[in-house]
Number of protein chains: 2
Amino acid sequence: MTVSNRRGVALDRVLELVVVLGEDMTRSLAVEGLTASRAHLLWELGRNGPSTQRAVADSLGVSARNVTGLVDGLVATRFVTREPHPSDRRATLVTLTEHGMATFAQLDRGQEELAQLLFSSMPAHQVDAFVDTLDHVLARLRDQLPPGPAGTR
Amino acid sequence: MTVSNRRGVALDRVLELVVVLGEDMTRSLAVEGLTASRAHLLWELGRNGPSTQRAVADSLGVSARNVTGLVDGLVATRFVTREPHPSDRRATLVTLTEHGMATFAQLDRGQEELAQLLFSSMPAHQVDAFVDTLDHVLARLRDQLPPGPAGTR
DNA sequence: TATTGTTATACTCTATAACTATA
DNA sequence: TATAGTTATAGAGTATAACAATA
């Protein structure tokens, strides 16, 4: 441990959680044939329905060019299709295929299962206290952050 | 929120923390002229001292080829140098420059400051309870994980 | 023979800038 | 004139495989 006091230990644990959770999700997604970025896009489509690439770029907080590449990849792997926009011939509506919708549902179920795995054996009051502490930490982080644009969500 | 119950909320907060903390660290590192991967390498050197690329590859859990590239980048930006290994002429010792050492010290200080920012206004018992909960969550995640190699730390 | 690090090659994610088609 | 999405170009991170130098 680099920081030896109580608060340093807390931060160390948080950073460890970031690493372990990231590895866990990357592994799960790879099984579905997805990368983290593509899964994020798929997730937005599952929540918002068919979307223009512009809307996707804004919600993910990445460049339009990047979205072109991500959609190319998801089209090649049959998760989404590009459909014509009904009223704007410049735009395309990125749309989940059956496979894409099924995968979205599966990711959603996986998240529920993960929540159960992590917290099911914990008493409600402890979960609530944990959430309160996380809210506190998130508020501190946001206070420090620049008021810039940054991807929503 | 996709999961509406108490435990789903807890997981949502954790995932949010992962995102926000990741953005915060990426921003801080960019100021120093580092990427996350290069900072990770620099961190290992700061903790372990001069190391062969093979040792670095093992501690980061990445390929030897990747380390060649990361070290190339850190050499170009003057954070490290490649020094001959005293007894093995195949190997190089990746070594922090003065600038690299100063940057490592600064990252270390930054982590302490972050710990203070996040937890200083919190009573000790709450910090302890938070750490206990994180330990519980980490244990659950590890139980589920494959016993594979994976990068340490 | 085995190991260290490189070159060769390839894929993903990311960005900016220039350009086409359409609003 | 402004917007949606593509092509062109570029850099970082990642990987495997083949290879050279050395152990």
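Residues numbered from 1 in each chain as written. Chains lettered and ligands numbered in written order. Predicted model: local features only at pLDDT ≥ 70, side-chain atom pairs only at ≥ 80, totals over all residues. Heavy atoms only, no water.

Visitor: I'd like a description of the pairing of strand S3 (residues 92-96) of chain B, backed by residues and values.
Guide: Residue and element names in this part refer to chain B. By the criterion of burial, S3 is predominantly enclosed, with four of the five residues buried. Pairing analysis gives two bridges linking strand S1 (residues 51-52) to S3, with the strands arranged antiparallel. Within S3, the position partnered with Ser51 by the bridge is Val94. Summarising the sheet, strand S2 (residues 80-84) and S3 pair through five bridges and their orientation is antiparallel. Its bridge partner lying in S3, Thr81 is registered against Thr95. (Buried < 20%, exposed > 50% of the residue type's maximum accessible area, 1.4 Å probe, protein only. Helix = DSSP H or I, 4+ residues; strand = E, 2+ residues; numbered from the N terminus. Pairing = 2+ DSSP bridges.)

Visitor: Lay out the packing of aromatic side chains in plain terms, naming residues and giving numbers.
Guide: A full pass over the atoms with the stated rule returns five aromatic pairs over all chains. Relative to Phe130 of chain A, the ring of Phe119 of chain A has its centre 5.7 Å away and its plane inclined at 45 degrees; by these criteria the two rings are tilted. Placement of the pair is Phe119 of chain A in helix H5 (residues 98-119) and Phe130 of chain A in helix H6 (residues 124-144), with a sequence separation of 11 residues. Each of the two residues, Phe119 of chain A as well as Phe130 of chain A, counts as buried. Through pairs of rings, three or more aromatic residues link up here, namely Phe119 and Phe130 of chain A together with Phe119 and Phe130 of chain B. (Phe/Tyr/Trp six-rings, centres within 6.5 Å; stacked < 30°, edge-to-face > 60°.)

Visitor: Outline the nonpolar core, supporting the account with residue identities and numerical values.
Guide: Ranked by size, the top nonpolar core spans 38 residues in total, and within it Phe119, Phe130 and Leu141 of chain A together with Phe119, Phe130 and Leu141 of chain B carry the most contacts. Broken down by secondary-structure element, the contributors of at least two residues to this core are helix H1 (6-32), H5 and H6 of chain A together with helix H1 (6-32), helix H5 (98-119) and helix H6 (124-144) of chain B. When residues no more than four places from it in sequence are discounted, the contact partners of Phe119 of chain A are Val127 and Phe130 of chain A together with Arg7, Ala10, Leu11 and Val137 of chain B. (Core = buried A, V, L, I, M, F, W, Y, C linked by side-chain atoms within 4.5 Å. Contact = heavy atoms within 4.5 Å.)

Visitor: Residues and numbers for the pattern of salt bridges, please.
Guide: All names here are of chain A. Applying the stated criterion across every chain, the model contains 16 salt bridges over all chains. As a salt-bridge pair, Arg47 and Glu44 come within 3.5 Å of each other at their nearest N and O atoms. Note that Arg47 and Glu44 are positioned in helix H2 (residues 36-48) at a spacing of three residues, about one turn of the helix. Judged by relative accessible area, which is 4%, Glu44 ranks as buried. (Salt bridge = Lys/Arg side-chain N within 4 Å of Asp/Glu carboxyl O.)

Visitor: Tell me about the relation of the copies chain A and chain B, and please be specific about residues and values.
Guide: Laying chain A over chain B is done by rotating through 180 degrees and shifting 0.0 Å along the axis; what remains is an RMSD of 0.1 Å. Those values place the two copies in the arrangement expected of a two-fold rotation axis. Counting the interface residues of chain A, we find that 100% of their copies in chain B are interface residues as well, pointing to one common contact surface. (Least-squares fit on C-alpha atoms with pLDDT ≥ 70 in both.)

Visitor: Tell me what's going on with unusual backbone geometry, and back it up with residues and numbers.
Guide: Residues and elements named next belong to chain A. For Arg78, which is not a glycine, the phi torsion comes out positive at approximately 70 degrees. Tracing the backbone shows Arg78 in the loop between helix H4 (64-76) and strand S2 (80-84). On the basis of relative accessible area, Arg78 is assigned to the exposed category, the value being 63%.

Visitor: Break down the packing of helix H3 (residues 53-60) of chain B against helix H4 (residues 64-76) of chain B for me, with residues and values.
Guide: All names here are of chain B. Running from N to C, H3 and H4 cross one another at 110 degrees; their axes reach a closest spacing of 9 Å. Comparing the axis directions of H3 and H4 gives the class roughly perpendicular. Note on element contacts: H4 touches H3 through Ala64, Val67, Thr68, Leu70 and Val71, opposite Gln53, Arg54, Val56, Ala57 and Leu60. Split by residue class, the contact of H3 with H4 holds seven nonpolar, two polar and one charged. (Axes fitted to C-alpha atoms, helices over the stretch in contact; angles between N-to-C directions. Parallel < 35°, antiparallel > 145°, perpendicular 65-115°, else oblique. Nonpolar A, V, L, I, M, F, W, Y, C, P; charged D, E, K, R; others polar.)

Visitor: Account for the protein's contact with DNA strand D, with residues named and values stated.
Guide: The local shell around DNA strand D holds 21 residues, among which Arg54, Thr68 and Arg90 of chain A together with Thr35 and Asn66 of chain B are the closest. What you see for DNA strand D is that sugar and phosphate hold 73% of its atoms within 4 Å of the protein. The separation between a phosphate oxygen of DNA strand D and a polar side-chain atom of Arg82 of chain A is 3.2 Å. In the environment of DNA strand D, a sugar or linking oxygen lies 3.2 Å from a nitrogen or oxygen atom belonging to the side chain of Ser37 of chain B. (Near = heavy atom within 4 Å. Polar contact = N/O pair within 3.5 Å; in protein donor to acceptor, adjacent residues only side chain to side chain.)

Geometry only, nothing functional implied.
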